[in-house]
Amino acid sequence: MKTRTIAEPYKIKMVESLKTTTREQRLAAIKEAGYNTFLLKSDDVYIDLLTDSGTTAMSDVQWSKMMIGDESYAGARSFYTLEAAMHEIYGFKHLIPTHQGRAAEHLTSLIRIQPGQYVPMNMYFTTTRAHVERVGGIFFDCIIDEAKDTKVIHPFKGNVDMAKLQKLVDEVGPEQIAYLNIAPCVNMAGGQPVSMANMREVRAFADKYGIAVIYDATRAVENAYFIQQREAGYQDKTIKEIFRELMSLADGCTVSSKKDNLVNIGGFLATNDDGFARRAKELVVVFEGMPTYGGLAGRDLEALAQGMREMVEDAYIASRVRQVEYLGQKLIDAGVPIMLPIGGHAVFLDATNFLPHIPQDNFPAQTLAAALYVDSGVRAMERGMVSAGRDPKTGENNRPKLELVRLTIPRRVYTNLHMDVVAESCIELYENRHKIKGLTMTYEPDSLRFFQARFEELEPAMA
Ligand SMILES: *Cc1c(COP(=O)(O)O)cnc(C)c1O
């Protein structure tokens, strides 16, 4: 029998109109935005693949739950609803809500890092690393080398290289390790998962040396899906079971709820460590609000509790990841260089191989994102040298091996016809790639420069 099409496990109840623009309008808009897609107005964007952060379409049930949000300042019922959902899905003992993931990272870094201590991570995430370095922590990359080669196919490219961890501990001693910060599905490596087997090794290593494991669990549901698809012994387990097992291997986690959790704002810190939770509750009132709302409204907590339950439904997460694969496969079939294998939340154009004539100093990924916008009104994001920032010690540009443009798919928002439009634009740009020239940076903010940096064209090639 032929394989049958599997459609989205939902139907559409409300729509939002999209605006189209002319090429002239887009040229003016990207110039105005300093060739930085973060600085474009969303009204000038047709298909917005800048990020899957907070761009989710909520379900009818989530919207209805918002009506019963308890807006009491303290002890709100909605907190206990959320806590029950977190206990059921994640299984950690303590919950501290925050307004976003980075706020949970802020608390974690303040509490758990002494200046000069190392924080090993499987690659890095921008805000996580910024918080680690702000309090004097030293980022240490312990991801396997395969992650840095866009052409290598590996089922778990986010895995931790245990030999790198061992070497670090041998050199500096376990007391110099603040904690292991492991991300199931590594955003910056292209949405690549870790295996359960690897997380068990990490757990055993951490236990041996008395080091805590704190996940960045922002994208761990997508990771659970890959484990179900790729790791022996997990095919017959539900996403909910796999997810819970994955969480059981950590001492706590920080989460941006704007991703897996299917809400537009929110985040949290969860942990089994009583002392860590107590400190976090002391500090959250300084930065966010009472520990029962952490900078969120009662209705946000309700939508989040429901989102946690929906995110582990097998049909939903399969449909989400398959849409990413649908776009990626179209590009692969046309010979467009992308990061392999296709990740959980995004397709990453490999700008180094897409635009080999543009040196890294002229920001090939930044250039490609701008050119894509001018071509079709599709907004993507640079993930290369601009995002990597500078070395805090030497002040030199960090030179990441990966120079990528991220086409990030929001959850439950676009159809596969939208994906076709995106693919056609990428393919046409690739066919005319020699016409694309590089950029120079004209304004550089001190931290997280990719959000607000401005650029100019080396020569007016996009016109
Ligand atoms: C988005 C994200 C964060 C930061 O979360 P915010 O809610 O944007 O502050 C941290 N880690 C990962 C892996 C992310 O994708």
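Above this text sits the structure in question.
About the thresholds
Residues numbered from 1 in each chain as written. Predicted model: local features only at pLDDT ≥ 70, side-chain atom pairs only at ≥ 80, totals over all residues. Heavy atoms only, no water. Near = heavy atom within 4 Å. Polar contact = N/O pair within 3.5 Å; in protein donor to acceptor, adjacent residues only side chain to side chain. Areas by Shrake-Rupley, 256 points an atom, 1.4 Å probe, with all protein chains shown as cover. Helix = DSSP H or I, 4+ residues; strand = E, 2+ residues; numbered from the N terminus. Nonpolar A, V, L, I, M, F, W, Y, C, P; charged D, E, K, R; others polar. Core = buried A, V, L, I, M, F, W, Y, C linked by side-chain atoms within 4.5 Å. Buried < 20%, exposed > 50% of the residue type's maximum accessible area, 1.4 Å probe, protein only. Domains from an automatic or database assignment. 1 Å grid on protein atoms, 1.4 Å probe; cavity = no way out; pocket = protein on both sides within 12 Å on 5 of 7 lines; lining within 4 Å. Points joined across faces, edges and corners; volume = space filled by probe spheres on them. Expected span 1.5 Å × (residues − 1). Phe/Tyr/Trp six-rings, centres within 6.5 Å; stacked < 30°, edge-to-face > 60°. Lys NZ or Arg CZ within 6 Å of the ring centre and 35° of its normal.

1. Focus: the site of the ligand
Around the ligand, the structure places 13 residues, and the nearest of them are G101, R102, D216, S256 and K259. The side chain of R102 places a nitrogen or oxygen atom 2.7 Å from an oxygen atom of the ligand. Contacts to the ligand include N187, whose side-chain N or O atom sits 3.0 Å from an oxygen atom. Protein contact buries 96% of the 380 Å² of open area that the ligand shows by itself. Here the shell around the ligand takes 3 residues from helix α4 (residues 101-112), the largest share from any one element. Its residues assigned to classes, the shell around the ligand comprises 1 nonpolar, 6 polar and 6 charged.

2. Comments concerning the nonpolar core
Looking at soluble globular proteins, one finds that nonpolar side chains tend to be buried together. By size, the foremost hydrophobic cluster in this structure holds 64 residues, and its most contacted members are Y90, L180, Y215 and F243. The two domains that each donate at least three residues to this core are domain 1 (23-52 + 314-457) and domain 2 (60-311). Within the second largest apolar cluster, 50 residues are counted, among which are V347, F363, A369 and V386.

3. Side note on unusual backbone geometry
Residue P341 follows L340 across a cis peptide bond; omega there is -15 degrees. Assignment of secondary structure puts P341 in the loop between α12 (314-333) and β9 (346-350). Residue L262 is not a glycine yet carries a positive backbone phi of 65 degrees. You can see L262 is positioned in the loop between β7 (252-256) and β8 (267-271). Positive phi, normally seen in glycine, also occurs at R412, with a value near 65 degrees. Mapped onto the elements of the fold, R412 is located in the loop between β12 (404-408) and α16 (416-431).

4. Section: empty space enclosed by the protein
Counted according to the given criterion, the structure contains 2 cavities of 30 Å³ or more. In this structure, the largest cavity occupies an estimated 40 Å³ of space. As for the largest cavity, its lining consists of E105, T108, S109, T128, Y179, N181 and T254. No other element matches the 3 residues that α4 contributes to the lining of the largest cavity. The class makeup of the residues in the lining of the largest cavity is 1 nonpolar, 5 polar and 1 charged. Volume-wise, the second largest cavity comes out at about 30 Å³. In terms of residue class, the lining of the second largest cavity is built from 7 nonpolar, 3 polar and no charged.

5. Digging into α16
The end-to-end C-alpha separation of α16 is 22 Å, in line with the 22 Å expected for 16 residues at 1.5 Å each. Listing the buried residues of α16 in full gives H418, M419, D420, V422, A423, S425, C426, L429 and Y430.

6. Points about helix α14 (residues 364-376)
The terminal C-alpha atoms of α14, which comprises 13 residues, lie 18 Å apart, in line with the 18 Å expected from a rise of 1.5 Å per residue. Within α14, burial applies to P364, A365, Q366, T367, L368, A369, A370, A371, L372, Y373, V374 and S376. Of the residues one or two after α14, G377 is the one with positive phi, at around 80 degrees.

7. A word on the packing of aromatic side chains
Tallying each qualifying case throughout the model produces 12 aromatic pairs. Here the aromatic rings of F79 and Y80 are separated by 5.2 Å at their centres, their planes lie at 85 degrees, and the arrangement is edge-to-face. Of the residues examined, F79 reaches a relative accessible area of 6% and is grouped as buried. A ring pair is formed by F205 and Y209, whose centres lie 5.0 Å apart and whose planes are at 55 degrees; its orientation type is tilted. With F205 and Y209 both in helix α7 (residues 196-209) and 4 residues apart, the pair spans about one turn of that helix. Residue classification places F205 among the buried residues on the basis of a relative accessible area of 7%. Taking the relative accessible area as the measure of exposure, Y209 reaches 23% and is therefore partly exposed. One aromatic cluster is present, formed by F38, F450 and F451 through successive ring pairs. Cation over ring: R412 sits above Y316, and NZ or CZ is 5.7 Å from the ring centre. Of note, R433 hangs over the ring of Y430, and the distance from its end group to the ring centre comes to 4.0 Å.

These results come straight from atomic positions and should not be treated as a statement about function.
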